Amino acid sequence: MSDSQTLKLVPLNDVHIAAGGKMVPFAGFNMPVQYSGLMPEHHAVRNNVGMFDVSHMGEFRLKGPGVLDLLQRVTSNDVSKLTDGKVQYSCLPNDTGGIVDDLLVYRFNENEYYLVVNAGNIDKDWVWISKHNTGGVEMLNMSDGMSLLAVQGPNAIKVLQKLTDVNLSEMEYYTFKTGMMAGKDHTIISNTGYTGAGGFEIYMMNEDAEHFWNTILEAGKEFGIIACGLGARDTLRLEKGFCLYGHDIDDETSPIEAGLGWITKFEKEFTNSAYHKAIKENKPSKKLVGFDLIERGIPRQYYKITDGKGNEIGEVTSGTQSPSLNKAIGMGYVKSEYSKPGTEIFIEIRGKELKAEVVKLPFL
Amino acid sequence: MNFPANLKYTEDHEWVKVEGDLATIGITEFAQGELGDIVFVEIETVGQSLNAHEIFGTVEAVKTVSDLFLPVSGEIIEKNEGLDNDPQNVNEDPYGKGWMIKVKMSNPSEVDALLSADDYAAIAG
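Residues numbered from 1 in each chain as written. Chains lettered and ligands numbered in written order. Predicted model: local features only at pLDDT ≥ 70, side-chain atom pairs only at ≥ 80, totals over all residues. Heavy atoms only, no water.

Once that is clear, we can look at the overall build of chain B. Per the secondary structure count, chain B includes three helices and nine strands. Each helix (α) and strand (β) of chain B, taken in turn from the N terminus, gives the series β-β-β-α-β-β-β-β-β-α-β-α. Radius of gyration (C-alpha) of chain B: 13 Å, near the 14 Å computed for a compact globule of 125 residues. Taken along the three principal axes of its C-alpha coordinates, chain B extends 35 × 35 × 20 Å. Across the 125 residues that make up chain B, the buried fraction comes to 51%. (Helix = DSSP H or I, 4+ residues; strand = E, 2+ residues; numbered from the N terminus. Rg over C-alpha atoms; globule rule 2.2 N^0.38 Å. Buried < 20%, exposed > 50% of the residue type's maximum accessible area, 1.4 Å probe, protein only.)

Our next topic: helix α4 (residues 122-132) of chain A. Residue and element names in this part refer to chain A. Buried within α4 we find I122, D125, W128, I129 and H132. Mapping the buried residues of α4 onto a view down its axis gives an arc of 135 degrees, with all of them on the same face. Those residues of α4 that are exposed and angled more than 90 degrees off the buried face are D123, V127 and K131. Buried-residue contacts for α4 involve β5 (58-63), α3 (67-74), β6 (87-93), β7 (99-109), β8 (112-117) and β9 (138-141). (Arc of directions from axis to C-beta. Contact = heavy atoms within 4.5 Å.)

Let us now look at the packing of aromatic side chains. Per the counting criterion, the structure on display carries 14 aromatic pairs over all chains. Ring geometry for F3 of chain B versus Y120 of chain B: centroids 4.9 Å apart, planes at 85 degrees, classification edge-to-face. Of this pair, F3 of chain B sits in the segment before β1 (8-9) while Y120 of chain B sits in helix α3 (residues 117-124), and the two are 117 residues apart along the sequence. Per residue, the accessibility class of F3 of chain B equals that of Y120 of chain B, and both read buried. By the ring-pair criterion, three or more aromatic residues cluster together here, those being Y106, F108, Y114, F176 and Y203 of chain A. A cation over an aromatic ring shows up here: K286 of chain A above the ring of Y333 of chain A, its NZ or CZ 4.7 Å from the ring centre. Lying over the aromatic face of W99 of chain B, K102 of chain B brings its terminal NZ or CZ to 4.9 Å of the ring centre. (Phe/Tyr/Trp six-rings, centres within 6.5 Å; stacked < 30°, edge-to-face > 60°. Lys NZ or Arg CZ within 6 Å of the ring centre and 35° of its normal.)

Our next topic: the domain arrangement of chain A. Residues and elements named next belong to chain A. Each assigned domain of chain A is listed with its residue range as follows: domain 1 (2-57 + 145-239), domain 2 (58-141) and domain 3 (285-359). Inter-centroid distance (C-alpha atoms) of domain 1 to domain 2 is 24 Å. In this complex, domain 1 contributes 15 residues to the contact, which on the side of domain 2 involves 18 residues. For the pair domain 1 and domain 2, the two sides together bury roughly 1300 Å², of which 67% comes from carbon and sulfur. (Domains from an automatic or database assignment. Buried area = accessible area lost by both parts, 1.4 Å probe.)

Residues and elements named next belong to chain B. Along the chain, the position of N80 falls in the loop between β8 (74-79) and α2 (89-92). Note on N80: relative accessible area 10%, which makes it buried. Polar contacts involving the side chain of N80 include one to the main-chain amide nitrogen of G82, which spans 3.0 Å. Beyond its immediate sequence surroundings of up to four residues, N80 is in contact with K97, G98, W99 and M100. (Polar contact = N/O pair within 3.5 Å; in protein donor to acceptor, adjacent residues only side chain to side chain.)

Given 3.6 residues per turn, any residue in an α-helix points the same way as the ones three and four places further on. Residue and element names in this part refer to chain A. For helix α6 (residues 209-220), built from twelve residues, the straight-helix expectation of 16 Å at 1.5 Å per residue is met to within 8% by its first-to-last C-alpha distance of 16 Å. Residues of α6 that are buried include every one of A209, F212, W213, I216, A219 and G220, and no others. The buried side chains of α6 occupy one side of the element, clustering within an arc of 140 degrees when seen end-on. (Expected span 1.5 Å × (residues − 1).)

All names here are of chain A. With antiparallel pairing, six strands are arranged side by side around a closed barrel as β15-β18-β17-β16-β19-β20. Neighbour-to-neighbour, the strand axes of this sheet turn through a mean angle of 45 degrees, independent of strand direction. Across four bridges, strand β15 (residues 286-293) lies against strand β20 (residues 352-359) in antiparallel orientation. Looking at the pairing, L293 lines up with A356 of β20. Docked against the sheet, helix α7 (residues 230-239) engages β17 (312-322) and β18 (327-335), running at close to 120 degrees with respect to β17. (Pairing = 2+ DSSP bridges. Axes fitted to C-alpha atoms, helices over the stretch in contact; angles between N-to-C directions.)

Residues and elements named next belong to chain A. F52, V54, Y106, Y203, I249 and L260 are the most contacted members of the largest nonpolar core, which totals 41 residues. Among the elements of the structure, β3 (29-34), β6, β7, β8, β10 (146-152), α7 and β18 are those that each provide at least two residues to this core. For this core, the element with the highest residue contribution is α7, accounting for four residues. In contact with Y106, other than residues within four places in its own chain, are K86, V87, E112, Y113, Y114, V116, F176, S190, T192, E201 and Y203. The next biggest cluster of nonpolar side chains, apart from the first, holds 27 residues, and it includes L160, V166, F200 and W213. (Core = buried A, V, L, I, M, F, W, Y, C linked by side-chain atoms within 4.5 Å.)

Here it is in structure tokens:
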């Protein structure tokens, strides 16, 4: 493929190809979309254990006495609530009403944080945060040197516990520890993930990525671990109603409209916070909702949402056939008067308006 | 990859089995692999007469949607009802249980323009 010459390669690129990974361009990287098949990979994670290489994700280290002040100004969530070893989901609001990116904030200590950002937004985020870094915080972009493996599923903990003395069962959701794993010290072990299936995300240096990949597969053999691609990652996150940047949130959506009010804290000031506060107080005119498709079809991004009489009331942002629920599900923005669970809406698919119903998120 | 020699093929990755003026049509093993897990085959053109290259249906995989193009002109006289409940048959048995439609050809000479298994294999390689 001619594209691959301009695509970035993760350190495990050749390992994925050798394992039968079907490689596709994603966010500027050549990434495995599936190995054995999306369905078996999805079910492995939901019911057992699977491993994703998500090394395309970006990591920034921020250090210095002004770091809390900087993060409070650029992120929407309240970073002051974090203690050492805790992780927080947040977003970077822009100054035009939308979101630069969503991200995870890791607190190592009061003067050192890591930010984990979407691959497609690494450069944009770096420029954005740098622009607001008026307090001389030391910023280091570690993205090209770090790899990230997500070991997900109810049995992930059993696999990984074989490889570390860190007591994983004592680790709460959205906490992390740095320690020895698979014989490598300074490994970041994070009880996080994008599947809603439980499990951990493991950060390591690039040169150790293949060692970790092989060691985890070997340790997981007795549990039936399999390699999983971005296809299953997407169906898994959508079943849990997790937003995907570029689909459900973007440069134009407010976190309030996106249902991310829980990470948007107005006890502090952040970029454009007055604007989002006004949206919250005046009730947003559109809202991100989940829906089940009642009639037969699959919703996809950009499909129109209508009232069944040909009038457009919104747009689909994500959609798929849910492998766990065995039905077509989606998310999209609708005018607020159509956002209540139980409301009948319609999805325009190939010229037909197909019946759907607004449901509470998550789907599963 | 398996491309049976007794079938004809299109550049759009459909296969055609010709019996007199009757053509049975499906998608190739290559096509189903590219699409991934197929979850819905929508064909609402039964009874219609369409020209070659017109869209006769749509196949939805978990990640993608793809139109189905008619390889030869004619009337669509039957669709594979079994795919309503078992769309995965297209993945598991693309040349057998995964067949999609039967067409009464209006111009059987169009078959001559279709690809042989060898020619198609060169494209789908």
